[in-house]
Amino acid sequence: KHVSDINPRSVVTPLGRSLQPGLGRSLQPGLGRSLQPGLGRSLQPGLGRSLQPGLGRSLQPGLGRRWPHQQTQKRFLSQDPDPSKARLKLRTRLLVSLLCGCGLLAAWWYVDSEKQQKLRMQRIKQLRKAAVGQGTFSLLDHTGRRRTKQDFLGSWNPLMPPVQPIFITVDPERDDVASLARYVKDFHPRLIGLTGSLEEVEHAGRDYRVYASPGPKDEDGDYIVDHTILIYLVSPDGLFLDYYNRMKSQDQIVDSVRNHMKNYTRLS
Amino acid sequence: MAAPTSLERKICWSARDKLWQCLDDNGGRVESCQTFQSDFEAKCPAQWVKYFTKRRDFLKYKEKMQTEGFTPAEGPKES
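If you're wondering where the values come from, they're calculated on a predicted model, not measured in any experiment.

The next point concerns the interface of chain B and chain A. If you look at the interface, chain B gives 11 residues, while chain A gives 10 residues. Buried area between chain B and chain A, both sides added, is near 820 Å², and the carbon and sulfur share of it is 55%. Where chain B touches chain A, the interface holds 4 residue pairs in polar contact (both at pLDDT 80 or more). Listed by contribution, the elements that provide at least two residues to the side of chain B that touches chain A are α1 (6-25) and α3 (46-68) of chain B. Grouping the amino acids of the side of chain B that touches chain A by side-chain chemistry returns 6 nonpolar, 3 polar and 2 charged.

In helix packing, the relevant descriptors are the interaxial angle and the interaxial distance, both defined with respect to the helix axes. Residue and element names in this part refer to chain B. Viewed as axis vectors pointing N to C, α1 and α3 meet at an angle of 40°, and their least axial separation amounts to 12 Å. One element, α1, and the other, α3, form an angle in the oblique class. The handedness of the crossing between α1 and α3 is right-handed. Touching Arg-9, Cys-12, Trp-13, Arg-16, Trp-20, Leu-23 and Asp-24 of α1 are Trp-48, Phe-52, Arg-55, Arg-56, Leu-59 and Lys-60, all from α3. Taken together, the residues of the contact of α1 with α3 break down into 7 nonpolar, no polar and 6 charged.

Residue and element names in this part refer to chain A. If you trace the 4 strands from one edge of the open sheet to the other, you get β2-β1-β4-β3, paired in mixed fashion. Two strands close off the open sheet at either side, each with one partner strand: β2 (146-148) and β3 (166-168). This sheet shows a mean twist of 40° between the axes of neighbouring strands, independent of strand direction. Sitting on the sheet, helix α5 (residues 198-207) is in contact with β1 (138-141), β2 and β4 (192-195), with an inclination near 115° to β1.

A few words on helix α4 (residues 177-184) of chain A. Residues and elements named next belong to chain A. Within α4, burial applies to Ser-179, Leu-180 and Val-184. One face of α4 carries all of its buried residues, which in axial projection span an arc of 120°. Contact partners of the buried residues in α4: β3 and β4.

UniProt's entry tags residues 94-111 of chain A with the feature "transmembrane region" (unreviewed entry), counted in the numbering of this structure. Here residues 94-111 of chain A runs as 100% helix and 0% strand, with 26 Å between its end C-alpha atoms.

Cut-offs and rules
Residues numbered from 1 in each chain as written. Chains lettered and ligands numbered in written order. Predicted model: local features only at pLDDT ≥ 70, side-chain atom pairs only at ≥ 80, totals over all residues. Heavy atoms only, no water. Contact = heavy atoms within 4.5 Å. Buried area = accessible area lost by both parts, 1.4 Å probe. Polar contact = N/O pair within 3.5 Å; in protein donor to acceptor, adjacent residues only side chain to side chain. Helix = DSSP H or I, 4+ residues; strand = E, 2+ residues; numbered from the N terminus. Nonpolar A, V, L, I, M, F, W, Y, C, P; charged D, E, K, R; others polar. Axes fitted to C-alpha atoms, helices over the stretch in contact; angles between N-to-C directions. Parallel < 35°, antiparallel > 145°, perpendicular 65-115°, else oblique. Left-handed = near helix turned anticlockwise from the far one by under 90°. Pairing = 2+ DSSP bridges. Buried < 20%, exposed > 50% of the residue type's maximum accessible area, 1.4 Å probe, protein only. Arc of directions from axis to C-beta. UniProt positions renumbered as here; feature names shortened; annotations may be inferred.

So this is what it looks like as C-alpha cells:
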C-alpha cells in the first residue's frame, strides 16, 4: 500500500479517542467493551477473547461458569496459569496507566512552561514601555571617579559577580564624595556610592522616577529629605527588571534576583 | 554637620526603641519616661527626634484606626 493511501485520520483518531472514557463505543462495535478503563486489555495480543462480541465477560476471573465442568476440575489439579496471567494483566495495566499519566503530566508541564514564557515576554514589553532608567547618567563615585551608566552594563556570566550594588544620593548638597566614602564603608565592600552636581543627580532621579523632597532647615541648618525608598534591579543591558521596597526581606530579594537571572539568560 | 555614622545611627535607634518601649509600658505618658526621653534627645540629631516623635504619633493613630474603626466626619448638610 502506498503511504498516500492511508488516511491519516484513521490512524490518529482511534488512539486519540481511546484516551477518553466513555467514547469506547463510538469505535468498532465489537471492541466497545475493551476500551473501558481496563485499557490494557485492548493492547494485549493474547486476549483475542476481547475482540469477540458476547465474550466480554470472559476476561473476568471466576468465569468457571462458561467452561465445561470437567475442564474446571482439571484446572484445579494442575498449575493454574490464570492467577499469574491476572497478575501480569494488572501489572501491565498499571504500567500503561502510569505511562499515560506521565505523558499527560509532560504535556501539561510543556504547555505551562510555554505560558510562563509568554507571560515573561509580556512583562518585559511592559517594563520597556514604562522605560524606567532609560537614558544615561554621569555621576561621581565615592573615590571621585566619574562613572556613567555605560560603565555598569555587561552580562550575567559565571566569570563576574552578578550584582553590582550602587547607591545614588538624593541629597547631593550634603553628600559629597568624602561623605559618601564614609557612608558606603559601613556596607558591602563592592557598594559604589554616586553623587554629583544638583543637575546630574536630579537627571538620574528623573530617569529612575525617584521622588525626593528636602525638608525645611532648622536653626542648625539641618534638614531631613523625604524620598522613595526602593531598590531597583537593572539587567546587564540596562533594562529595568524589578524593584524592592522596605517590606521585602533579604531572602525574598535574593530569590527574586536569582529568578530574574535564570529567566534572563533563557530569553536572551 | 556630618551625617551620623553607622554606629551613631544604631545608638540613636536603640535609644528610640527604649523610649518607645517605656511609653508602651506606661500608656504613652511621657512623664514616666523622662530619663529615656532625655537619652533619646541626646543621642539623636534634632531633626530625627522631631521625625521619630511624629512617626510614633502616626503609628499610634494608624493602630487606632485599624482596631477601633473609622467614623467619617460629617459633611456639610444639604439645605
